[in-house]
Amino acid sequence: MTPEELKARTKQFALRVMTLIDSLPNSTKGRVVANQLMRAATSVGANYRAVCRGRSTAEFISKLGVVVEESDECCYWLELIMEGGLFPVEKVEDLYQEADEITAIMTASHKTACRNR
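First, a word on what this report is: a plain description of the structure on this page. All figures in this text were calculated on a predicted structure; none of them were measured in a lab.

## Observations regarding the nonpolar core
One finds Leu20, Leu37 and Ile81 to be the most contacted residues of the largest nonpolar core, which totals 30 residues. Listed by contribution, the elements that provide at least two residues to this core are α1 (3-23), α2 (28-52), α3 (57-83) and α4 (89-116). In terms of residue count, α3 provides more of this core than any other element does, 9 residues in total.

See the structure below:
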């Protein structure tokens, strides 16, 4: 997958999360989870764009580490949505799968970059 394809994929992920968040209940737990998930999901794409503009190997590796952390955090918030009954599991599973795949891709890239440093 090219950097441009990953930029598009992470942006689509954020947009899909934004749609989900609009459907979450307007309760205390719904708002808290929605806010946290929104921050993490939008951070994935924004930080990946920063990775692509990295000025050094160290900066590239550091920012890629942030992307890994944020995408994994998305998995956590999506798990809470499903397990906490905030939204039907079958409507969140695909989004969770995408977050998990993005995490795996970015983790593999991070490990490779660290190994090649």
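What follows picks up the thread again.
## Considering α2
Here α2 spans 37 Å end to end across 25 residues, near enough to the 36 Å set by a 1.5 Å rise per residue. Serine 43 marks where α2 bends most, by close to 25°.

## Focus: the packing of α3 against α4
In contact at an axis separation of 9 Å, α3 and α4 are set at 160° when each is read in the N-to-C sense. Relative to α4, α3 is oriented roughly antiparallel. Regarding α3 and α4, the two cross each other, and that crossing is left-handed. Along the lines of polarity and charge, the residues of the contact of α3 with α4 split into 19 nonpolar, 6 polar and 4 charged.

The rules behind the values
- Residues numbered from 1 in each chain as written.
- Predicted model: local features only at pLDDT ≥ 70, side-chain atom pairs only at ≥ 80, totals over all residues.
- Heavy atoms only, no water.
- Core = buried A, V, L, I, M, F, W, Y, C linked by side-chain atoms within 4.5 Å.
- Buried < 20%, exposed > 50% of the residue type's maximum accessible area, 1.4 Å probe, protein only.
- Helix = DSSP H or I, 4+ residues; strand = E, 2+ residues; numbered from the N terminus.
- Expected span 1.5 Å × (residues − 1).
- Bend = angle between axes of the 7 residues up to and from the residue.
- Axes fitted to C-alpha atoms, helices over the stretch in contact; angles between N-to-C directions.
- Parallel < 35°, antiparallel > 145°, perpendicular 65-115°, else oblique.
- Left-handed = near helix turned anticlockwise from the far one by under 90°.
- Nonpolar A, V, L, I, M, F, W, Y, C, P; charged D, E, K, R; others polar.

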